[in-house]
Number of protein chains: 2
Amino acid sequence: MSSTAGLGNEVPYRRRRRGALSRASVVDTGRRLAEREGMDAVTIRRVAAELGVTPMALYRHMSDKQELVVAMLDDVARELPPLPAGEDPRECLALAFVGLRDHLALSPWAVEALRSGDLFGRAALPYVEGVLELLERAGLDERRGMEAYWALWWFTFGHLTSLPATLPENRRGRMALLLSSGTEGLPRVRRMGELPLRPGDGGRMFRAGLDALLGGLLPG
Amino acid sequence: MSSTAGLGNEVPYRRRRRGALSRASVVDTGRRLAEREGMDAVTIRRVAAELGVTPMALYRHMSDKQELVVAMLDDVARELPPLPAGEDPRECLALAFVGLRDHLALSPWAVEALRSGDLFGRAALPYVEGVLELLERAGLDERRGMEAYWALWWFTFGHLTSLPATLPENRRGRMALLLSSGTEGLPRVRRMGELPLRPGDGGRMFRAGLDALLGGLLPG
DNA sequence: ACCTGAACACCGTTCAAGT
DNA sequence: ACCTGAACACCGTTCAAGT
C-alpha cells in the first residue's frame, strides 16, 4: 500500500517507467480530478499522487501550477462546439453564446478556475475571432465590436459564476441563512428567495438576458 | 522585536490587554490588509500577527475564516451610496448599477473575495430590495423583476471580475503572451489586443452595456 | 534525462493548557 | 473569559542528490 492507496484512481501507479510521465497525462489527470472533486482537489501533490509519482516530477513538464490550470482550460476551449454558421449574424451570436454557456456550465470546475483568476490560453482565441467576425457582420465597427464582445462576455461569465448560488441545493441554505435574522422592510427580497426555480431556469434566464443585451448592442 | 516587526502596521502590538481584541478590530485589520496587499494577504495568521496576537485568538470572535471575509464584505455593502431617488425608474436603475460598479471598482479586494466564492451577507439586502422595487416601478412583475435583477447583477459582476485583465498594465503582458506564438487567422483578435484603452474606458463600456441591457429588459 | 528526498515557508484549524 | 503553545494535515516550490 503506497501513500496513494484508496484514491480510486484509474491510472496504475505501482511503478512508473522512465518517460511514462507526459504533459498530456498530467493535464488529463488534473481534469479527471477536477471533474470528480472540483478545483480544490487539483493540487500538484494530489495530481502527482494520482500518477504514482513525486510532486516534483511534474515540474519536468510544466513550470508552475498555473501552467497546468491554463492547459486544462485550453483543453476545454478546444472542445467548444463550432461557431454557428448562418445568414443572420444576430441569431448566430445568440447561438454562439448559448453554446459557450452550455459548454462551460457542463464543466463547473472550468468556471471555478476562471473565477479564481486563471485565464483561457490561446486555444480560446479562434472562438473570440469568430465572435468578433459575427459582430462585424452585424454592422459594428472595430471599437463597438470590441465593446460588444466584452459586454457579452461579462454577462456570460457573471452568469456562469453565479450558477452555483442559484442551484436549488445551495439556494435553500443560503437564502434561509440570509433571511433568518428577520426580513422586516425586505418583502421583495423575501419573495425572490421563495420563488421556485426549476431545472433549466438558469439556461432560460441566460437566453432572455442575452437577447435583451444583443437587442441593445446591435444596430436596428 | 517580535515576529510581527517590519509589517508597518498602525495597531500597537507590543502587549495587548485582555479584551482589547474585538470582532470589529479583527474585521478592520482584515480590511486594511486587503486594501494594502489584496485578499491573498488576508490570512488568519497575518491578521493575528498584525494585531499582535496568536492566530487562535481570532477564533474567539469568529467561527472560521469565511465569517471574517463575509464581515469585511458586509462593511463594504454598508458603505454603498444611497439608491438614487427619482421619477424615471429606468434612469434610477442605471444610476444604481453605475453606483454599485463604481463603489466596488474602488475596492478590488472585495471583487476578489466575491470572485473566489464568498458572498455578500445581510448588509447587501437593502440594496437588492431597492433595485427590485425600481424594477417593479418600471413595470416588471415579480418573476420578470427577479430575472432582470439577475441579468443586471451577472453583467455587473462579470464586468468587475474582468476589470483587472483590462487594466493597461496587465493587458500588455497578457496580450503579448497570447499573441506571441502567431496570430495567423486571427486578425480581429490581434487588432482588439492593439486597440488602446484609456483610463475610464472601463466605466464607459460598463455604462454602454448597461444601457443596452436595460433597454432590452424594461418594457417600452 | 528523469525522478526522488528533504527542506522551506507558508496555510486553516483542533485540542489541551495556561492565567 | 480570554488567550497561548504545540500539533495536525495540508499547500507550492527550491535545491541537491540519486540512477
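To start, this report covers the structure provided alongside it. (Residues numbered from 1 in each chain as written. Chains lettered and ligands numbered in written order. Predicted model: local features only at pLDDT ≥ 70, side-chain atom pairs only at ≥ 80, totals over all residues. Heavy atoms only, no water.)

With respect to the overall build of chain A
Phase 1 of the analysis: Per the secondary structure count, chain A includes 10 helices and zero strands.
Phase 2 of the analysis: Listing each helix as α and each strand as β along chain A from the N terminus yields α-α-α-α-α-α-α-α-α-α.
Phase 3 of the analysis: Taken against the 2.2 N^0.38 rule, which gives 17 Å for 220 residues, the C-alpha radius of gyration of chain A at 21 Å runs more than 25% over that of a compact globule.
Phase 4 of the analysis: By principal-axis analysis of the C-alpha atoms, chain A measures approximately 65 × 50 × 25 Å.
Phase 5 of the analysis: Here chain A holds 220 residues, and 50% of them are scored as buried.
Phase 6 of the analysis: For chain A, restricting intrachain contacts to residue pairs at least 6 apart in sequence, the fraction spanning at least 24 positions comes to 71%.
Phase 7 of the analysis: Averaged over its 30 positive side-chain charges, chain A has a centre that lies 8 Å from the centre of its 28 negative ones. (Helix = DSSP H or I, 4+ residues; strand = E, 2+ residues; numbered from the N terminus. Rg over C-alpha atoms; globule rule 2.2 N^0.38 Å. Buried < 20%, exposed > 50% of the residue type's maximum accessible area, 1.4 Å probe, protein only. Contact = heavy atoms within 4.5 Å. Lys, Arg positive; Asp, Glu negative; His and termini not counted. Charge placed at Lys NZ, Arg CZ, Asp CG, Glu CD.)

Considerations on the protein's contact with DNA strand D
Phase 1 of the analysis: Looking at DNA strand D, there are 19 residues lining it, with Arg45(A), Met56(A), Tyr59(A), Thr54(B) and Arg60(B) nearest.
Phase 2 of the analysis: Counting only atoms of DNA strand D within 4 Å of the protein, the fraction found in sugar and phosphate groups is 45%.
Phase 3 of the analysis: Contacts to DNA strand D include Ile44(A), whose backbone N or O atom sits 3.2 Å from a phosphate oxygen.
Phase 4 of the analysis: Partitioning the surface near DNA strand D into residue classes produces seven nonpolar, four polar and eight charged. (Near = heavy atom within 4 Å. Polar contact = N/O pair within 3.5 Å; in protein donor to acceptor, adjacent residues only side chain to side chain. Nonpolar A, V, L, I, M, F, W, Y, C, P; charged D, E, K, R; others polar.)

Some details on the protein's contact with DNA strand C
Phase 1 of the analysis: The environment of DNA strand C is formed by 18 residues, the closest being Thr54(A), Arg60(A), Arg45(B), Met56(B) and Tyr59(B).
Phase 2 of the analysis: A distance of 3.0 Å separates a base nitrogen of DNA strand C from a polar atom in the side chain of Arg60(A).
Phase 3 of the analysis: The element contributing the most residues to the surface near DNA strand C is helix 2 (residues 44-50) of chain B, with three residues.
Phase 4 of the analysis: Of the residues assigned to the surface near DNA strand C, the class counts are seven nonpolar, four polar and seven charged.

Focus on the relation of the copies chain B and chain A
Relating one copy of the chain to the other takes a rotation about an axis and a shift parallel to that axis.
Phase 1 of the analysis: For the pair chain B and chain A, the superposition axis carries a translation of 0.0 Å, the fit reaches an RMSD of 0.0 Å, and the rotation angle comes to 180 degrees. Each copy turns onto its partner about a two-fold axis.
Phase 2 of the analysis: Most of the interface of chain B is mirrored in chain A: 100% of its interface residues are interface residues there too. (Least-squares fit on C-alpha atoms with pLDDT ≥ 70 in both.)

Notes on the packing of helix 8 (residues 168-180) of chain B against helix 9 (residues 187-194) of chain B
Residues and elements named next belong to chain B.
Phase 1 of the analysis: Put simply, helix 8 and helix 9 touch, their axes get as near as 10 Å, and they point 160 degrees apart. Classified by the angle between their axes, helix 8 and helix 9 sit roughly antiparallel to one another. Where helix 8 crosses over helix 9, the two elements pack in a sense that is left-handed. Each of Arg171, Met175 and Leu179 in helix 8 lies in contact with helix 9, whose residues at this interface are Val189, Arg190, Met192 and Gly193.
Phase 2 of the analysis: Here the contact of helix 8 with helix 9 is built from residues that sort into four nonpolar, one polar and two charged. (Axes fitted to C-alpha atoms, helices over the stretch in contact; angles between N-to-C directions. Parallel < 35°, antiparallel > 145°, perpendicular 65-115°, else oblique. Left-handed = near helix turned anticlockwise from the far one by under 90°.)

Observations regarding the side chain of Asp201(B)
Phase 1 of the analysis: Turning to its location among the elements, Asp201(B) is positioned in helix 10 (residues 201-217).
Phase 2 of the analysis: Reaching out from Asp201(B), the side chain makes a polar contact with the side chain of Arg143(A) at a distance of 3.4 Å.
Phase 3 of the analysis: Here the side chain of Asp201(B) touches Arg204(B) through a polar contact of 2.8 Å, side chain to side chain.

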